[in-house]
Amino acid sequence: MKILIAASEFFPFFKTGGLADVTGAMARIFSQVKNNKVVVFVPKYKMSSGCLPPVKAIAGSFTVNVGGVEKKTKLFKTRCGRAEVYFVENEHYFNRSNLYGAKNADYSDNDRRFIFFCRAVIEGARFLGFKPDIIHCHDWQTGLVPAYLKNLYAEDTFFKKTKTVFTIHNLAYQGFFSKKAFDASGFPERYFNQDELEYYGGINFLKNGIAYSDIVTTVSPNYGKEALSSPKISYRLNGVLASRGKNFYGILNGVDDKVWNPKTDALIAKKYNAASFKKGKAACKKNLQNKYNLTQNPDIALVGIVSRLDYQKGLDIVAKTIPQFSGRVQFAVLGTGDKKLEDEFKTLAREFKGSLFFVNKLDEVLAHNIYSASDIFLMPSRFEPCGLSQMIALKYGGVVVANKTGGLADTVLGYGESKKPNGFFMNTFGEESLADALSAAFFAFGDKPLWYNMVANAMKADFSWDKSAGKYLKIFDKLIGRRHLKKGRLKNEVRRK
Ligand code: ADP
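Residues numbered from 1 in each chain as written. Predicted model: local features only at pLDDT ≥ 70, side-chain atom pairs only at ≥ 80, totals over all residues. Heavy atoms only, no water.

Colleague: What's the story with the overall build of the protein chain in this structure? I'm lost.
Modeller: Assigned secondary structure in the protein chain consists of 19 helices and 21 strands. Taking 23 Å as the expected radius of gyration for a compact globule of 497 residues, we find that the protein chain reaches 23 Å, a close match to that expectation. Among the 497 residues that make up the protein chain, the fraction classed as buried is 59%. A total accessible area of about 21100 Å² is found for the protein chain, and carbon and sulfur atoms account for 51% of it. (Helix = DSSP H or I, 4+ residues; strand = E, 2+ residues; numbered from the N terminus. Rg over C-alpha atoms; globule rule 2.2 N^0.38 Å. Buried < 20%, exposed > 50% of the residue type's maximum accessible area, 1.4 Å probe, protein only. Areas by Shrake-Rupley, 256 points an atom, 1.4 Å probe, with all protein chains shown as cover.)

Written out as structure tokens, the structure reads:
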């Protein structure tokens, strides 16, 4: 099967959050299956000089129309495992410091940037002579690809057999732009009506991805259910989602074992497994305490946070709750995003020197070190499509304190609710419930047999991609009319090295 993955982020090259982890892992695992050929399209943002593996320019060019202007485009290529990764170049649109915006504001031409990208994915596939069976699109940045294929390219024989799958990683980001964006998109005016491409007088990329793809998925079963029933969770797209009926699925993300595994992780102070976590986590904790000037004490609970600093993640209530625990526990906070929240955590770091540190950047290495060192991982999200951070934390033996929403409810087993708990849920979203859940976790931390049991439960959780990737491949098979491999056979289908 020929699969084209189109996404605005791809690990290890460009990442602002879980989307990159997911597309990176999917490309690797889909391409390991016998007879699959996987091609990835991602924008060529500014690349760090140490970017590995090396990226090579492809000879030749093609043009992409944005706002009536033909823009010359080149592709650059590298490999990730067996997948071919193509970077779409446009100096003006993508050679910038950030992916989506700067100084707390989106780039004002994000509509044109991603109209360009969507059309470049389609024209780029043709340029390469790669006729995909499936185009797997991710999030609003690729939402127009299915819409183009079903309309402008409906009669195009090159894409006659191509089916589209659209995966929603977060309904809060929709790419909703004014009529000007519609005008730049190249769709004829007749499509500008509410039954086709118009959305409240403008154009909504996410809505069009949902409406025009052959299958829609989101990243956890529970978030899928919540989105269908709640305008608040779906950011008013519940009706559009419901209109897809049985063609809307919730499939839980996995965690890439090659990147996130305390047994093999070269970035952490000491590797460990389910049998050696006591020593291993203690060494990682000591190292982190030492490096970031926290009081050296193995018996103080260390709470980790690795997160975008955004309304969604509920860290505003964390900032308000931290002072009441000062001195009794430690906090390791890594995050970027909302300026006001960044300032609040900077103030907390000054105020609680020795028991809280805050690193205000994207730092993959520190993320690994926080996951391995933390006793408790905190994720009080207001809503959470899937959440990779809590799954990573569990794999590293962190007990999770979370709000029971979306994917958090699908992955964390609450104390008092499960026979094999690996976390504590807040009763509801709010400062008081957060303080209660944290207090319960700190209390349990003091009861070593209970605690070690919870850590062991956490490390046993199976978040392997095999399970999730198998579900996607089943959907792909169904779409192209192929019989799917029998249950449990994905592993056998994966190519040996
Ligand atoms: P979201 O995609 O909503 O941001 P997820 O929990 O699904 O949240 O994924 C977050 C991913 O981003 C995880 O891999 C996490 O480790 C990573 N991450 C978040 N903030 C940072 C940061 N400041 N530095 C490094 N990695 C980060």
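Colleague: In this structure, what is going on with the domain arrangement of the protein chain? I would like to understand it.
Modeller: Accessible area lost upon the coming together of the parts is a frequently used measure of interface size. Domain annotation for the protein chain reports domain 1 (2-254 + 465-488) and domain 2 (277-460). Domain 1 puts 22 residues into the contact, and the matching count from domain 2 is 21 residues. When the two sides are added together, the surface that domain 1 and domain 2 hide from each other amounts to roughly 1500 Å², 57% of it contributed by carbon and sulfur. At the boundary of domain 1 with domain 2, the tally comes to one salt bridge. In this structure, Glu364 engages Lys15 in a salt bridge whose closest nitrogen and oxygen atoms are separated by 3.6 Å. Looking at the side of domain 1 that touches domain 2, the elements that each hand over two or more residues are helix H1 (18-32) and helix H7 (221-229). Broken down by element, the side of domain 1 that touches domain 2 gets its largest block of residues, four residues, from H7. Residues belonging to the side of domain 1 that touches domain 2 are distributed by class as follows: 10 nonpolar, nine polar and three charged. (Domains from an automatic or database assignment. Contact = heavy atoms within 4.5 Å. Buried area = accessible area lost by both parts, 1.4 Å probe. Salt bridge = Lys/Arg side-chain N within 4 Å of Asp/Glu carboxyl O. Nonpolar A, V, L, I, M, F, W, Y, C, P; charged D, E, K, R; others polar.)

Colleague: How should the environment of Val33 be read in this particular structure?
Modeller: Inspection of the secondary structure assignment puts Val33 in the loop between H1 and strand S2 (37-43). A relative accessible area of 4% means that Val33 is categorised as buried. A sequence separation of 307 residues divides Val33 from Lys340, and the C-alpha atoms of the two residues are 46 Å apart.

Colleague: Help me understand the site of the ligand, please; the structure alone is not making it clear to me.
Modeller: Close contacts around the ligand come from 21 residues, with Gly18, Arg308, Lys313, Lys361 and Tyr371 the closest. One of the backbone N or O atoms of Gly18 is found 2.7 Å from an oxygen atom in the ligand. Contact between the ligand and Ser389: an oxygen atom at 3.0 Å from a main-chain N or O atom of the residue. Notes on the ligand: free accessible area 570 Å², of which the protein chains cover 93%. The set of elements that each furnish at least two residues to the shell around the ligand consists of H1, strand S16 (302-309), strand S17 (330-337), helix H13 (364-373) and helix H14 (389-395). (Near = heavy atom within 4 Å. Polar contact = N/O pair within 3.5 Å; in protein donor to acceptor, adjacent residues only side chain to side chain.)

Colleague: I'm lost on the side chain of Asn253 in this one. Help?
Modeller: Take Asn253: it is sitting in the loop between strand S15 (248-250) and helix H10 (277-291). Dropping the residues within four chain positions of it, Asn253 is found in contact with Val22, Val219, Cys386, Leu388, Met391, Trp465 and Ser468.

Colleague: Help me understand the pattern of salt bridges, please; the structure alone is not making it clear to me.
Modeller: Pairing between side chains of opposite charge can happen when their charged atoms approach one another. Enumeration over the complete set of coordinates arrives at 22 salt bridges. Linking Glu84 and Arg79 is a salt bridge whose minimum nitrogen-to-oxygen distance equals 3.5 Å. Residue class for Glu84 comes out buried when judged on its relative accessible area of 10%. Judged by its relative accessible area of 44%, Arg79 falls in the partly exposed class. We note a salt bridge from Glu384 to Lys313, for which the minimum N-O separation is 2.9 Å. Taken as a pair, Glu384 in the loop between strand S19 (376-379) and H14 and Lys313 in the loop between S16 and helix H11 (315-321) lie far apart in primary sequence, 71 residues in all. The pair formed by Glu384 and Lys313 is uniform in burial state, with each residue classed as buried. A single network of salt bridges, built from pairs that share partners, joins Lys37, Lys77, Arg79 and Glu84.

Colleague: Mind showing me how you'd approach the pairing of strand S5 (residues 69-80) here?
Modeller: The two faces of a sheet get side chains in turn, since along a regular strand they alternate between them. Relative to S5, strand S3 (residues 56-57) is paired through two bridges, and the arrangement is antiparallel. Pairing of Ala57 across the sheet is with Phe76, part of S5. Bridge count between strand S4 (residues 62-66) and S5: five bridges; the pairing is antiparallel. Along S5, the bridge assignment pairs Phe62 with Thr73. Counting the residues that bridge the hairpin from S4 to S5 gives two residues, and of these Gly67 lies at a positive phi of roughly 60°. (Pairing = 2+ DSSP bridges.)

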